Structures are given as C-alpha cells and as structure tokens.
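Close look at the chain arrangement
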Protein chains: 2
Amino acid sequence: MDNQLKRGLLDVCVLAAIRKEDSYGYKIIKDLKPYVELSESTLYTILKRLEAAKMLTVRTAEHDGRLRKYYHITGQGLGRIEEFKTEWKAVISIYQFVVKEDGNE
Amino acid sequence: MDNQLKRGLLDVCVLAAIRKEDSYGYKIIKDLKPYVELSESTLYTILKRLEAAKMLTVRTAEHDGRLRKYYHITGQGLGRIEEFKTEWKAVISIYQFVVKEDGNE
DNA sequence: ACGATATACTTCGCGTTATGATGTATTGCG
DNA sequence: CGCAATACATCATAACGCGAAGTATATCGT
C-alpha cells in the first residue's frame, strides 16, 4: 500500500486497536497486520505522539517476568475517532472526484 | 481536513484535475477547492514531483500576454489513478476496522 | 490615474511524520 | 546452546504540506 495513503490512517488505527481493551506494542502490530503493516519504530513513535496528545494513557505491568506497557484510550482518543469519521466524508468526496469521468472504471 | 489524511490523496487529485483537459496551476487550485484546499506552494511542489515521475508533461503557452504552464497527463499518470483505485480497497478495509465495534456509530 | 484585487508562478525554510537500522533484554523451543 | 519470538527504545533520514515572501501582469472600482 502506498506510503502516503497510510498517513492520517495510522494514528486512528492504533486508537482503534486499543479501543476494545488495553493493549501493548507487539500485540497492536499483530492486530493491525491484516489491515495495515507498520514497523516497531513507527508504532512507538505514534504511541508517544498519542500519549503527548492525551489520547491514551500508559501503564506498565509485568507479564511473565517481562515488562509490558499497556495503552488505554482516553475520551479524547475516542473523540479523535469520531472526528475521523467526520473527516471521512470529505475523503469520500475526494475519492469520487478522482474516480469519476475517467472513462474506464 | 487533517493534514495527514491529505497525503496520498493530493497527488492523485492533481492528476484527476488535469485528466479531462490540460490545465494550469491557478485553475487546478480553483477546481480542487470544493474537494480539497491546497496552497500554491503545495501545488507547485506536487506538479514538479509528478513531472519528475513522468506522470505529466509541461508546456508553456501565452495567454492574454501572460505566461501559463499547461500540464498534460501521461499514460503513467493515468496508470497512477488506476493504481489508486486498487489501493482504495485496502483503505476501505482500514476504515471499516476503525469504525466497527465502537459502540456509538 | 491609481490603488486594490485577481491572476500566475517560484523559492525558502520549518515542522510533522514513517521508517530502516540498531540496540537491549527476556522467554521459549529444538 | 543457539535462534526465533517477544518487547521496548533511539537515531538519522527523507518525504511532504505549507506559510511567507517575492516577481509580474491584468482588471476593476472610484
């Protein structure tokens, strides 16, 4: 998938991945894999960004003697998803502009 | 509209804007305005990029004593639009992942 | 006649972002 | 014991959108 198309989708994908229940880095990557691939460096960058924006909170917990950082979505995070749904209407209208009248759809 | 969401959309929007007939900078911005706003600096950057990628060709012509650069889409440019349509299927599946099961759609 | 606005294109620098490379550390399997 | 998987972190890089500023001409109102 095109590199650029991902942008604007990734943040909201990560939020969606932790929406139902708290999750952690490695699991998020695996859960998102069917939809979108992202590297570890990309994910941890996104998580930091979302944390700074208060869209999620972090909690460190031990699991099998290993530390895990569990991420929990906040109200603002949920709000971001709602906002995304609104923006999506504009995206659809752009899509329709691009595919219309091209003579071979 | 979110800055990041535009990426991956803008290139293909510009190609779509010159698809039916050759166009020039100012007109492209006006034609795209109902769908997506972009500044002149953004557009001319994109046009240069698309030209370098051979997705369009440029021709300078005089109009009312002023110079205009007319952009013409190439086969590769049209191919990019087709590619975009394919990528769109992945985008839709991402969108559905994001909006599903959020308890308040 | 003159200033404002629209047309038209260009360049520079900045901030945001995705990613590969690299590193650290533990668990579990063959 | 070695190797893959789990788990998180940092750094440098390149791409990209955009505001700001500049240049130049046409048009329109007063």
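**Here we look at the protein's contact with DNA strand D**
Near DNA strand D there are 24 residues, and of these Glu40(A), Lys48(A), Arg68(A), Lys6(B) and Arg7(B) occur at the shortest range. Close to the protein, within 4 Å, the atoms of DNA strand D are drawn from sugar and phosphate at a rate of 68%. Here a phosphate oxygen of DNA strand D and a side-chain polar atom of Lys69(A) are 2.6 Å apart. Between DNA strand D and Arg7(B), the relevant distance is 2.3 Å, taken from a sugar or linking oxygen to a side-chain nitrogen or oxygen of the residue. Elements supplying a minimum of two residues to the surface near DNA strand D: helix H3 (25-32), helix H4 (40-52) and strand E2 (66-73) of chain A together with helix H1 (3-6) and helix H4 (40-52) of chain B. Looking at side-chain class alone, the surface near DNA strand D contains 6 nonpolar, 7 polar and 11 charged residues.

**Focus on empty space enclosed by the protein**
Inspection of every chain in the model, using the stated rule, returns 1 cavity of 30 Å³ or more. Put simply, the largest cavity is a space of about 50 Å³. Forming the boundary of the largest cavity are Leu5(A), Arg7(A), Leu9(A), Trp88(A), Val91(A), Leu5(B), Arg7(B), Leu9(B), Trp88(B) and Val91(B). When its residues are assigned to classes, the lining of the largest cavity shows 8 nonpolar, no polar and 2 charged.

**Observations concerning the protein's contact with DNA strand C**
By nearness alone, 25 residues border DNA strand C, and Arg49(A), Glu40(B), Arg66(B), Arg68(B) and Lys69(B) come closest of all. Per the 4 Å cut-off to the protein, sugar and phosphate atoms form 65% of the nearby atoms of DNA strand C. One of the side-chain nitrogen or oxygen atoms of Arg49(A) is found 2.6 Å away from a phosphate oxygen of DNA strand C. One of the side-chain nitrogen or oxygen atoms of Arg66(A) is found 3.1 Å away from a base oxygen of DNA strand C. Elements supplying a minimum of two residues to the surface near DNA strand C: helix H1 (3-6) and H4 of chain A together with helix H3 (25-32), H4 and strand E3 (66-73) of chain B. The element contributing the most residues to the surface near DNA strand C is H4(A), with 5 residues. Here the residues of the surface near DNA strand C are counted per class, giving 6 nonpolar, 8 polar and 11 charged.

**Here's the deal with the interface of chain A and chain B**
The partner chain B presents 37 residues to the 36 residues of chain A that form the contact. Summed over both sides, the interface between chain A and chain B buries roughly 3,600 Å², with carbon and sulfur atoms accounting for 68% of that surface. At the junction of chain A with chain B, the criterion picks out 0 salt bridges. Run the count over chain A and chain B and you get 10 residue pairs in polar contact (both at pLDDT 80 or more).

**Side note on the side chain of Arg19(B)**
Following the sequence through the fold, Arg19(B) ends up in the loop between helix H2 (10-17) and strand E1 (23-24). Polar contacts involving the side chain of Arg19(B) include one to the main-chain carbonyl oxygen of Phe97(A), which spans 3.4 Å.

**Here we look at the packing of helix H5 (residues 75-99) of chain A against H2(B)**
Following both chains from N to C, one finds H5(A) and H2(B) inclined at 40°, their axes separated by 9 Å at the closest point. In this view, H5(A) runs oblique relative to H2(B), as classed from their interaxial angle. In the crossing of H5(A) with H2(B), the sense of the turn from one axis to the other is left-handed. Judged by residue contacts, Ile94(A), Phe97(A) and Val98(A) of H5(A) engage Val12(B), Cys13(B), Ala16(B) and Ala17(B) from H2(B). Counted by class, the contact of H5(A) with H2(B) contains 7 nonpolar, no polar and no charged residues.

**Quick notes on the packing of aromatic side chains**
Summed over the entire model, instances satisfying the criterion amount to 11 aromatic pairs over all chains. Relative to Tyr70(A), the ring of Tyr24(A) has its centre 5.6 Å away and its plane inclined at 75°; by these criteria the two rings are edge-to-face. You can see Tyr24(A) sitting in the loop between helix H2 (10-17) and H3 and its partner Tyr70(A) sitting in strand E2, a full 46 residues away along the chain. Assessed through its relative accessible area of 16%, Tyr70(A) is described here as buried. Judged by centre distance (5.4 Å) and plane angle (45°), the rings of Phe84(B) and Trp88(B) are tilted.

Calculation criteria
Residues numbered from 1 in each chain as written. Chains lettered and ligands numbered in written order. Predicted model: local features only at pLDDT ≥ 70, side-chain atom pairs only at ≥ 80, totals over all residues. Heavy atoms only, no water. Near = heavy atom within 4 Å. Polar contact = N/O pair within 3.5 Å; in protein donor to acceptor, adjacent residues only side chain to side chain. Helix = DSSP H or I, 4+ residues; strand = E, 2+ residues; numbered from the N terminus. Nonpolar A, V, L, I, M, F, W, Y, C, P; charged D, E, K, R; others polar. 1 Å grid on protein atoms, 1.4 Å probe; cavity = no way out; pocket = protein on both sides within 12 Å on 5 of 7 lines; lining within 4 Å. Points joined across faces, edges and corners; volume = space filled by probe spheres on them. Contact = heavy atoms within 4.5 Å. Buried area = accessible area lost by both parts, 1.4 Å probe. Salt bridge = Lys/Arg side-chain N within 4 Å of Asp/Glu carboxyl O. Axes fitted to C-alpha atoms, helices over the stretch in contact; angles between N-to-C directions. Parallel < 35°, antiparallel > 145°, perpendicular 65-115°, else oblique. Left-handed = near helix turned anticlockwise from the far one by under 90°. Phe/Tyr/Trp six-rings, centres within 6.5 Å; stacked < 30°, edge-to-face > 60°. Buried < 20%, exposed > 50% of the residue type's maximum accessible area, 1.4 Å probe, protein only.

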